Amino acid sequence: MTELMAWLIAAAQALLLALLAPVVMGVTKTVRARLEGRASGRVGQPWRDLRKLLRKPPTSPTDSGIFFTAAPPMLMATSLIVAATAPFITTVGVAGSADLIVVVGVLLLGTVALTLAGLDTGTAFGGMGSSREMTIAALVEPTLLLSVFALSARVGSTNLGAIVNAGNADPEAVFTPASLLAFAALAIATLAETARIPVDNPSTHLELTMVHEAMILEYSGRDLALIEWASAMRLTILLGLLANLFAPWGIATTISLAWVVAGAGFFIVKVLGLAAVLAAGEVFVAKLRLFRVPELLAGSFALALLAVLASYVLA
Amino acid sequence: MARVGLFGKILKTGRVAEPAVPADETVPKAAGLGGSVQVRHVDAGSCNGCEIEIGQAFSPVYDAERHGVRLVASPRHADVLTVTGPVTVNMAGPLRKTFDAMPEPRLVVAVGDCARNCGVFAGGHGVHGSVAEVVPVDVHIPGCPPEPAQIVATLRGLSGR
Amino acid sequence: MTDPTATALVTALVSAASGATAGLSLPASWRARVVGTLLFLSGVAGLLAGLAALSGHDWQTDLPDLLPLAGIKLAVDGLSGWFLLLIGAVTATVGVYTIGYAGRDGHGPGSRTAMFTLPLFTASMLLVPAAASVPTFLLCWELMAVTSLLLVMTEHRRHEQVRPASVWYAAMTQAGFVTVLIGLVWLASIAGLDFTAIRTTTPGVSPAVKGGVFLLCLFGFASKAGAVPLHPWLPRAHAEAPSHVSALMSAAMVKLGVYGLLRVGFDLLGGGTGWWWLTVAALGALSALYGIVQAVVATDLKRLLAFSTSENIGLVLLGVGFAGMFASSGQPAVAALALAAALLHTINHAGFKTLLFLGAGSVVNATGTRDLDQLGGLSKRMAATTALFAAGALAAAALPPGNGFVSEWLLLQSLLHPGGHTGTVLALGAPVAVAIIALTAGVGVATYVKAVGTGFLARPRSSAAAGAHESPLSMIAAMAMAALACAALAIVPALSVPAITQVAASLRLQAPPMGTNLVSLHLTGITATFWPLWLTVGLVVAVGALAVAGRTVGKARRRAIAWDCGDGPLTARMEYTATSYAEPLQRIFDDTLAPERDLDVTHEEESAYHIDAIRYRQRIPDRIENRLYRPLIVAIARLGEAARRLAPGVMHRYLAYMLTALIVVLVAGVIR
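Just so you know, these numbers come straight off a predicted model, no measurement behind them.

This brings us to the overall build of chain B. Scanning chain B from terminus to terminus reveals five helices and seven strands. Secondary structure elements of chain B occur, N-terminal to C-terminal, as α-β-α-β-β-β-α-β-α-β-β-α. Within the span of chain B, comprising 161 residues, buried residues form 50% of the whole. Accessible surface computed for chain B: about 7200 Å², of which carbon and sulfur atoms make up 57%. Of the side chains in chain B, 15 bear a positive and 15 a negative charge, and the two mean positions are spaced by 9 Å.

So this is what it looks like as structure tokens:
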């Protein structure tokens, strides 16, 4: 019985993230608009955009093949799998069983699906976006895996459930230098992975400044809806991981309905809070030019390396 | 300490956006869009006067985004095509192709007097014809140039919010 | 009851011998088919021999009369079994591929020499892991080197680059052989010729001698494995050889360098001290980084794959190095884990590299070019090859659910294992190794996206690519076999755990702390589990469900030309090329790559202000080759020129040499 419950909770977790993702985008847009002095749209506006896009027909370029058509479902599938198996609401059962290295790999698989689609269009912009995206993804990997090292050195395992449980059991571990350095490194890596400022501007119209947007210029209708939705889910996933790896309080450690619902509530609050902080930060920073991004990523790598060394020396 | 300066400026400036412009009732609410309108703009040979007004319509003061209207980078992402200018000979083909590249349901909004009847450029040797001669037009916004409030009103009418 | 290992191995050798005879004697129209089939049989038999050895059927035999002075000694244990399995599987796949690839015209790969040498090459590769005495090992090693050299030279009439590539290969392989020869003979002079004799005697040998032998053998074996900085032969030979030979060399032969290292380092020399393995790990790290950085900027498809082999060998050597370091610092469990990761990676790499090289061969056959900047549009014209190549690229890029990811996960787990961080060297080395593996993996993903994206997708960039056609059935079947093997290794990797335990036992190491549950890869003692089967099923189900939902519920898909901003159709020239794809990474790694740029500006005759033509050329050389090898080659050439003065053609001088030599020998004989 508990096996079935575990699977149901994993499915519910994935559903929760899918429903929450457009709201997270809405919150970032609202917070940013208010800080810029504008009257923002509603927080639920991304939901309306998705609903409209899902009803429109998709278009494929005549020269493209299966890679173009398969990328949106692939991106969404990778996001759903990570959403179902990483500990966001609970650490018990399937929903908390993901290995951190596997999560990093699955997210990279989604990115690769989109980059191949960008090349499959045969346009110059698609190739350009694809090339830049792969450069940034290649340089983010060391930071991500070294942060994994820093987190797992504390706990002795790369299993996300184990790491979150250890953090829950020892609340003061959050405020150690190793932990804070790893948080900073992962935060910068999140910005790079989800195509936010200062690495990429998600709302630009100038193709020469695009990285993520350039690969999806050719998509329309429900393909575009799936991609936008999956990208929003990736942002939610990464913010959720940041929240739960470093501040896991409130996560359900037993499978009982009350705890799980409470865990979901805490999770929503944490993620929306982080999204608001992200949006506020974006107001103060401009996008970096492409060949400055490696310097930023090298800086985050240095932070991750310091986190690892600190975890040896101090912890 | 530019950051502190910027934060202080945000607090001091507060909200810049003016109260919402009422929707234009004569514009039919675009069926199937449900409050989400994505706009692709094409300059078919205009003097850029209308462009400046459209730019202002999306600026913090008029803020068309609060009604669910957004500018996008590719016609494949768009529902509404705004066209300005008398359609020149060189832009007739690209304008038609832009319209064809948009997935349905799609609408065309002709902004300004030049888009309606070529305005002061009617009969010029480089002018092909009005927008309606190239793509089917759904809404006209008159004016030379039309005010940002008019533009926002029309777009608000299309979105229904 | 005959020993299964013996039966299978003898069958494999006999098949290979008949293949060689067939290759020499049959007419051209039958040659490829018969030799390919016999090679397939030989490969399957080799695979079965390996499986038998891995399930505990060790075997040895002594044939003193076969070779004068030393005799032949063969012994198959767990470690040999692993490599027999690997080589047998690759041979079987390549055998099927050769049926279609070698054609029926008797030229190039289908010629008598090539078809005669190919089975001899695979047979010698099967004998190397089975050799149990120093002379046998050296003989089989040299046989393997000579036959592979002949095979590399197959197309020397068609392409002018084949000859310089063969010279590089010959020189470096012989240099490696000489160092292995010196090392093993030095060891044999102290401990005896037989491996069993050496094993019992080495505990008494001084550490300095052991270290010297290890370094000499490391030089030779690392060169064979293609580790940087001993790699310059690899991109040349693997690119210029016919593709089925490249597959054999890249997937099977370079692994024998790793085999040699494991056999000499762990088995014969008894494990050694930490600094040996630190050297190995450092070589591995250098190979991994340099290999992948050169691969990402390569526009020749086979050169890209060759440098990727260098990178993967680097990862294997990292695993082997860390296994040795863990073992010598008293952490046998973690050492076994690192060794397991390295071994799994050798077989995973064999699987996907075979698939990729065979795919490259199909592309070259169909289009006539290896240049990624000229390819493209093959997904419509060669659908099966594209799909299979993409599967291989997924595995090579170490992305889940591919098999490359599985061994990389295991390697990372062994480095992250809490038990392993004893001592400063390991505590500092493990995070550095993790960072290097991560960067290698990231750039590796970019490399394979480039290879698949620019080589196969969108529109063809040249008429050669536009005229491509699908390959014959045997070539596709061979690629499908390799893809199936990769899929099996990806979805049920835990099948290999009992075999790895057997290998560890034969090296006198502890069994790796891994569970044998089929659907998951589970490490005992710590919380680390990975479910590749569920991941694959989850991905397939999710993608399928979304695709079906889209088709049934949503509006129908439209086809339209790509959005070209309204002005004119997109030409093939407007697509991103492989060079432009790698350009950001090339700029970032500019200091390592140091591209050579030539700019030629031709002015018009009447005015120096008007330009007639601009010619720009960029080449990315192999920097290590330029810095390390060119001076060495120049020095050797100068030495040779100087030595020529010793032989001016004057008879008196030669007679004087002979007289001096005679006097020296007589004096030496009298003094002794």
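Turning our attention to the confidence of the model for chain C. Low pLDDT marks regions whose predicted coordinates should not be analysed in detail. In this model, chain C carries an average pLDDT of 93, and 100% of its residues clear a pLDDT of 70 or more. At the level of chain-chain contacts, confidence expressed as ipTM amounts to 0.95, with global pTM at 0.95.

Once that is clear, we can look at the interface of chain C and chain B. Between chain C and chain B, the contact holds nine residues from the first and 11 residues from the second. Summing both sides of the interface, chain C and chain B together bury roughly 670 Å²; the carbon and sulfur share of this comes to 48%. Among the residues of chain C in contact with chain B, C:Arg558, C:Trp563 and C:Gly566 are the three that bury the most area, contributing 77% of the side total. Here chain C is connected to chain B by two residue pairs in polar contact (both at pLDDT 80 or more). Considered class by class, the residues forming the side of chain C that touches chain B number four nonpolar, two polar and three charged.

For the rest of this paragraph, the subject is unusual backbone geometry. Generally, phi is negative for residues other than glycine and the peptide bonds are trans, each holding for most cases. Cis rather than trans, the peptide bond between B:Cys144 and B:Pro145 has omega equal to -5°. If you trace the backbone, B:Pro145 turns up in the loop between β7 (139–141) and α5 (148–159). The omega torsion of the bond from C:Pro400 to C:Pro401 falls at 0°, within 30 degrees of zero and hence cis. Following the sequence through the fold, C:Pro401 ends up in the loop between α15 (383–396) and α16 (403–416). Its identity is not glycine, yet A:Ala195 carries a phi of approximately 60°, on the positive side.

Okay, a nonpolar patch on the surface next. Taken together, the side chains of C:Leu659, C:Leu662, C:Ile663, C:Leu666, C:Val667 and C:Ile671 define a hydrophobic patch exposed on the protein surface, amounting to about 620 Å² of accessible area. With respect to the helices and strands, C:Leu662 occurs in helix α25 (residues 651–671).

Below, the discussion takes up the pairing of strand β5 (residues 107–111) of chain B. All names here are of chain B. β5 sits mainly inside the fold: five of its five residues count as buried. Of the two faces of β5, the one holding Leu107, Val109 and Val111 and the one holding Val108 and Ala110 are both buried throughout. As paired elements, β5 and β7 share three bridges and run parallel to each other. Looking across to β7, one finds that Ala110 is bridged to His140.

What follows concerns the side chain of A:Ser179. All names here are of chain A. Turning to its location among the elements, Ser179 is positioned in helix α7 (residues 177–193). Judged by its relative accessible area of 4%, Ser179 falls in the buried class. Each residue touching Ser179, except ones within four places of it in the same chain, is listed here: Arg154, Ala173, Val174 and Phe246.

Residues and elements named next belong to chain C. Where α16 meets helix α17 (residues 424–456), the axes come as close as 9 Å, and the angle between the chain directions of the two elements is 160°. Overall, the two elements α16 and α17 adopt an arrangement that is roughly antiparallel. In the packing of α16 onto α17, the handedness of the crossing is left-handed. Counting all contacts with α16, which are made through Glu408, Leu411, Leu412, Leu415 and Leu416, the residues of α17 involved are Ala430, Ala433, Val434, Ile437 and Ala441. When grouped by side-chain class, the residues that make up the contact of α16 with α17 number nine nonpolar, no polar and one charged.

Quick look at the packing of aromatic side chains now. In the structure shown here, the tally under the stated rule is 24 aromatic pairs over all chains. Judged by centre distance (5.4 Å) and plane angle (40°), the ring pair of C:Trp409 and C:Phe530 falls under tilted. Note that C:Trp409 is positioned in helix α16 and C:Phe530 in strand β4 (residues 528–530), a separation of 121 residues in sequence. In terms of burial, C:Trp409 and C:Phe530 fall into one category: buried. For the pair C:Tyr654 and C:Tyr657, a centre-to-centre distance of 6.5 Å together with 35° between the ring planes defines the contact as tilted. Pair noted here: C:Tyr654 and C:Tyr657 are both in helix α25, with a separation of three residues, about one helical turn. Overall, C:Tyr657 belongs to the partly exposed group, its relative accessible area being 35%. An aromatic cluster of three or more residues is present, and its members are C:Phe214, C:Phe266, C:Trp275, C:Trp276 and C:Trp277. Here the guanidinium or amino end of C:Arg33 rests over the ring plane of C:Trp30, the centre of that ring lying 4.7 Å away. Sitting over the face of the ring of A:Phe291, C:Arg587 holds its NZ or CZ atom 3.9 Å from the ring centroid.

All right, on to the side chain of C:Ser148 then. Mapped onto the elements of the fold, C:Ser148 is located in helix α5 (residues 134–152). The class for C:Ser148 is buried, based on a relative accessible area of 0%.

Right, let's get into the interface of chain A and chain C. Contacts between the two partners involve 65 residues from chain A and, on the opposite side, 69 residues from chain C. Here chain A meets chain C over a buried area of about 5800 Å², counting both sides, of which 72% is carbon and sulfur. Put simply, chain A and chain C have two salt bridges between them. With a closest N to O distance of 3.0 Å, A:Asp223 and C:Arg557 form a salt bridge. The interface formed by chain A and chain C contains 24 residue pairs in polar contact (both at pLDDT 80 or more). Contributions of two or more residues to the side of chain A that touches chain C are made by β1 (59–61), α3 (66–85), α4 (100–120), α5 (124–155), α9 (221–246) and α11 (293–313) of chain A.

About the cut-offs
- Residues numbered from 1 in each chain as written.
- Chains lettered and ligands numbered in written order.
- Predicted model: local features only at pLDDT ≥ 70, side-chain atom pairs only at ≥ 80, totals over all residues.
- Heavy atoms only, no water.
- Helix = DSSP H or I, 4+ residues; strand = E, 2+ residues; numbered from the N terminus.
- Buried < 20%, exposed > 50% of the residue type's maximum accessible area, 1.4 Å probe, protein only.
- Areas by Shrake-Rupley, 256 points an atom, 1.4 Å probe, with all protein chains shown as cover.
- Lys, Arg positive; Asp, Glu negative; His and termini not counted.
- Charge placed at Lys NZ, Arg CZ, Asp CG, Glu CD.
- pLDDT = per-residue confidence, 0-100.
- Contact = heavy atoms within 4.5 Å.
- Buried area = accessible area lost by both parts, 1.4 Å probe.
- Polar contact = N/O pair within 3.5 Å; in protein donor to acceptor, adjacent residues only side chain to side chain.
- Nonpolar A, V, L, I, M, F, W, Y, C, P; charged D, E, K, R; others polar.
- Patch = residues over 30% accessible without salt bridge, like charges linked within 9 Å, V, L, I, M, F, W, Y side chains within 5 Å.
- Salt bridge = Lys/Arg side-chain N within 4 Å of Asp/Glu carboxyl O.
- Pairing = 2+ DSSP bridges.
- Axes fitted to C-alpha atoms, helices over the stretch in contact; angles between N-to-C directions.
- Parallel < 35°, antiparallel > 145°, perpendicular 65-115°, else oblique.
- Left-handed = near helix turned anticlockwise from the far one by under 90°.
- Phe/Tyr/Trp six-rings, centres within 6.5 Å; stacked < 30°, edge-to-face > 60°.
- Lys NZ or Arg CZ within 6 Å of the ring centre and 35° of its normal.

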